[in-house]
Amino acid sequence: MKKFKIAVAGATGAVGEEIFRVLEELNFPVESVLPLTSARSAGSLVEFAGNSYRCVELTEQTFEEHEVDIAFFSAGGSVSAKFAPLAAASGAVVIDNTSHFRMQENVPLVVPECNPDDVKLWRETGIIANPNCSTIQMVQLLKPLDDKFGIERVDVSTYQATSGAGKKGMEELVEQLQAFFAFKLDECEPKAFKHRIALNVIPHIDVFSENGYTKEEMKMVNETAKILHHRFPVSATCVRVPVLRSHSEAITIKLSREVLADDVRAVLACAPSVVVVDEPSQNRYPMPLISTDTNETYVGRIRVDNFDKSIVHLWCCADQVRVGAATNAVRIAQIWSELEE
């Protein structure tokens, strides 16, 4: 089996660290590892497959000085904008976890369970984009339902964990909860979020657009259309909640015909990377507690609308650091590697 030289930009971030874990768990054929960071973090160590690797500063010369087959980028949009084209020009395939390239027409936007053939389009720019975390878990459910029944409209409300804002988001929640138990919560100034996140929910992720939707909400609208190759109306409301990890979503789907809840369960039970947990009478349904540190999207609370039997309501949870970022990126790399063999 061919092995590949791997680079990870943002190696010490939440997603970068998870990429190393997923590569190892999925037995990806790795020949060498190059962890890349800012100058501030250069020299720190990351762990992979029982070995420690010293981080190297990412510079304009990095991909001239090091041979790389696959470059994962998870260090922010400005870093990807500057350095991803340099990596691609060196001959590496770039799998980018930021929003910078997602809607660029000649860059494929890939969720392997939904549009794996789009990976073949990587050669035009050398870059493959990883979708928004909330989009990924949603389209993993929409794709099989659209294939079977046809979708006419989707309305989604997200309940997004603080890890969606990176390590600083999780740390802020922990610090505020500690302050609460010390009776010092009023002394906490929000930094990662617009408001205090502990004991609160914030219906505001990313910046607001003129249409009243946030950028995060419009990502779900536009990315869904690009991934599934056709447009049906999607409306999203994205909310930050005081959970450390794993995003949850309440999704309402208007289908092209009437269905039974059991029909929907049967389709989703066969969908790749999807686990149906739907036994409300036994108090079994998806929660961040069961989805965290896993590579699957969990779906339950599947029910048909009381007034329109072509409308289905469901609830899903997925670890957005994995399913919504690292695992999706590594699965893209797996497809790409098979094309290169």
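Refer to the structure printed above.
I will try to describe carefully the structure that is included in this document.

Basis of the calculations
Residues numbered from 1 in each chain as written. Predicted model: local features only at pLDDT ≥ 70, side-chain atom pairs only at ≥ 80, totals over all residues. Heavy atoms only, no water. Salt bridge = Lys/Arg side-chain N within 4 Å of Asp/Glu carboxyl O. Helix = DSSP H or I, 4+ residues; strand = E, 2+ residues; numbered from the N terminus. Buried < 20%, exposed > 50% of the residue type's maximum accessible area, 1.4 Å probe, protein only. Axes fitted to C-alpha atoms, helices over the stretch in contact; angles between N-to-C directions. Parallel < 35°, antiparallel > 145°, perpendicular 65-115°, else oblique. Left-handed = near helix turned anticlockwise from the far one by under 90°. Contact = heavy atoms within 4.5 Å. Nonpolar A, V, L, I, M, F, W, Y, C, P; charged D, E, K, R; others polar. Arc of directions from axis to C-beta.

### Considerations on the pattern of salt bridges
Here comes step 1: Going through the model one piece at a time under the given rule, you end up with 20 salt bridges.
Here comes step 2: Between Arg-245 and Glu-18 there is a salt bridge, and its shortest N-O distance comes to 3.2 Å. One end of the pair, Arg-245, is in the loop between β10 (234-240) and β11 (247-255); the other, Glu-18, is in helix α1 (residues 14-25), and 227 residues separate them in sequence.
Here comes step 3: Of the residues examined, Arg-245 reaches a relative accessible area of 17% and is grouped as buried.
Here comes step 4: In this structure, Glu-223 and Arg-102 form a salt bridge, with 3.3 Å as the shortest nitrogen-oxygen distance. With Glu-223 in helix α6 (residues 215-228) and Arg-102 in the loop between β7 (93-96) and β8 (127-129), this pair connects stretches of sequence that are 121 residues apart. Of the two residues examined, Glu-223 and Arg-102, each falls in the buried class.
Here comes step 5: If you follow the salt bridges from partner to partner, you end up with Glu-18, Arg-21, Glu-25, Arg-245, Asp-293, Asp-319 and Arg-322 in one network.

### A closer look at the packing of helix α4 (residues 133-149) against α6
Here comes step 1: For the pair α4 and α6, interaxial distance at closest approach is 10 Å and the crossing angle is 40°. As far as their axial angle goes, α6 and α4 are oblique. Seen along the crossing, α4 lies across α6 with a hand that is right-handed. Counting all contacts with α4, which are made through Ser-134, Thr-135, Met-138, Val-139, Leu-142 and Lys-143, the residues of α6 involved are Glu-216, Lys-219, Met-220, Glu-223, Thr-224, Ile-227 and Leu-228.
Here comes step 2: Considering only residue class, the contact of α4 with α6 consists of 6 nonpolar, 3 polar and 4 charged.

### A closer look at helix α7 (residues 261-269)
Here comes step 1: Here α7 has its buried residues at Ala-261, Val-264, Val-267 and Leu-268. The buried side chains of α7 occupy one side of the element, clustering within an arc of 125° when seen end-on. Exposed residues pointing more than 90 degrees away from the buried face of α7 are listed as Asp-262 and Ala-269.
Here comes step 2: On its buried face, α7 sits against α4, β12 (274-276), β13 (297-304) and β14 (311-318).

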